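Here is how the chains run, residue by residue.
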Amino acid sequence: MFIGDREIIEAALFAAGGPVDLATLKELVSKKKKTRAIVLSLIQEYHKRQSGLDILEVEGKYVMQVKPEYADQVRSVAPKELPSPVLRTLSMIAYHQPLLQSDLVEKRGNATYDHVKELEARGLISRSPEGRSRILTTTQGFAEYFGLKSSDPEYVKQKIIELVSEQGQTGLDKWLGVKPTVGVTMGYLSLMFLLGIDNFKVVDPYKPTEKDIQRIKDVSKLVISKGYGEKVAEYFNGEIIEVQAVTFDDLLGTIEKLSPLGNKDKVKAAVEKVSELKEQYLSKTIGITTRVKPATDMVARLITDMKLNVSAGGLLVAPDYGLSSEGVDVSSGADILVPSHQNAVDDIVKRVCQRYDAIINGITNGIDNGTDNGIDNGTDNGTDNGTDNGTDNGIAEKDFKV
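Residues numbered from 1 in each chain as written. Predicted model: local features only at pLDDT ≥ 70, side-chain atom pairs only at ≥ 80, totals over all residues. Heavy atoms only, no water.

Draft legend 1. Inspection of the sheet that holds strand 5 (residues 125-130) at higher detail. Ordered in space as 4-6-5, the 3 strands form an open sheet in which the pairing is antiparallel. Pairing within the sheet leaves two strands with one partner each, and these edge strands are strand 4 (99-100) and strand 5. As paired elements, strand 4 and strand 6 (residues 133-138) share 2 bridges and run antiparallel to each other. Looking at strand 6, one finds that Leu99 is bridged to Leu136. (Pairing = 2+ DSSP bridges. Helix = DSSP H or I, 4+ residues; strand = E, 2+ residues; numbered from the N terminus.)

Draft legend 2. Here's a closer look at the packing of aromatic side chains. Taken as a whole, this structure holds 5 aromatic pairs when the rule is applied. Ring plane angle 40° and centroid distance 5.6 Å describe the contact between Phe248 and Tyr281, whose orientation is recorded as tilted. You can see Phe248 sitting in helix 13 (residues 248-258) and its partner Tyr281 sitting in helix 14 (residues 264-285), a full 33 residues away along the chain. The structure contains a cluster of three or more aromatic residues connected by ring pairs, namely Phe248, Tyr281 and Tyr356. Over the face of the ring belonging to Tyr95 we find Lys157, whose NZ or CZ atom lies 5.1 Å from the ring centre. (Phe/Tyr/Trp six-rings, centres within 6.5 Å; stacked < 30°, edge-to-face > 60°. Lys NZ or Arg CZ within 6 Å of the ring centre and 35° of its normal.)

Draft legend 3. Main features of the pattern of salt bridges. One pass over the full model with this rule turns up 9 salt bridges. Glu239 is the salt-bridge partner of Lys221, the closest N and O atoms lying 2.4 Å from each other. With Lys221 in strand 9 (residues 221-225) and Glu239 in strand 10 (residues 239-243), this residue pair connects regions lying 18 residues apart in the sequence. Owing to a relative accessible area of 17%, Lys221 belongs among the buried residues under this scheme. The shortest N-O distance in the salt bridge between Asp249 and Lys278 comes to 2.7 Å. Linking Asp249 in helix 13 with Lys278 in helix 14, this pair joins segments that are 29 residues apart in sequence. Of the residues examined, Asp249 reaches a relative accessible area of 38% and is grouped as partly exposed. Judged by relative accessible area, which is 17%, Lys278 ranks as buried. (Salt bridge = Lys/Arg side-chain N within 4 Å of Asp/Glu carboxyl O. Buried < 20%, exposed > 50% of the residue type's maximum accessible area, 1.4 Å probe, protein only.)

Draft legend 4. Main features of unusual backbone geometry. In this model, Gln97 is joined to Pro98 through a cis peptide bond whose omega is -5°. Along the chain, the position of Pro98 falls in the loop between helix 5 (84-96) and strand 4. Even without a glycine there, the phi angle at Lys307 is positive, about 60°. Within the secondary structure, Lys307 is located in the loop between helix 15 (297-305) and strand 12 (309-310).

What follows is the structure, given as structure tokens:
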């Protein structure tokens, strides 16, 4: 029986169950240069057919799917995706099989009982009596589900070893369909909801206990404040994403870094929201002539972003955390206090707004009290250059950690 490239591509799109890129399809056929032409031809053919299936091009990839008008009618028989925790339980069974259920529960917790029931109901594993426990192994259904040539336990284990050795946990997660778990501090938690990142775990990477470190090892990506990467890397070997959110520009940069993990529509809405807020706050500073003096580098960045005039004799603007990590009391004698991680609101967008509000309101109050330093009595001498001549006293970015 002759099998042509067209039939292979059609079968591949059906078997994939999700989007497939052109490079992957080219690897399956003999006439690689004609791959795209064949796919486009199939798209036209399926579009004209009076059938329940369609082939679409989505962001450079191709997917065969049920036509929208038939989706509700067939939803009840469509296979449900396995949740990430269940998939991780399955990967442990696959690697350690034959595995005692009691040993698995000890490693994965009591929720494992429900995972095992679901996996057995799906035909992905089998259970056989072994004393007071059960022996767990994968099945032929497991091999078919993941596109393996054999269901032999040794073959399955070797496949897992190859994936991990070549691509690490990321490769294994991708093969299993596990979404990467993102570790995030409480300070950045609101970003997870803002960007639609749903597979996350709140962790404390800054002063971790042994329990914290074990919890962090369960994640594949870790979102932390800029300046802590080297320290955290001492006990975490996954991907470290260093971010910051002092200014609106910081926040936009952070959103860009995390966008691949989020929902496309929510990321777009977040960018639009933050960009609009930035413009609103910049419009509030137009016409302000009062001079200010930043106590730290972080405050200097806020003031620079707001395009305010800087002077050695201006209103002293400082973060409200008091002692820095170097033991310097940066808040002492300040005319304006800017909320830091200790006294800021939970919502990260509102937190940035809170800082801008503190500076604008502080300047307004200073003017009302007759302490406007707009003229500065000539004490600036043109030596400030917007950086406060190094008066940040060694205050690092990490003092604004969240």
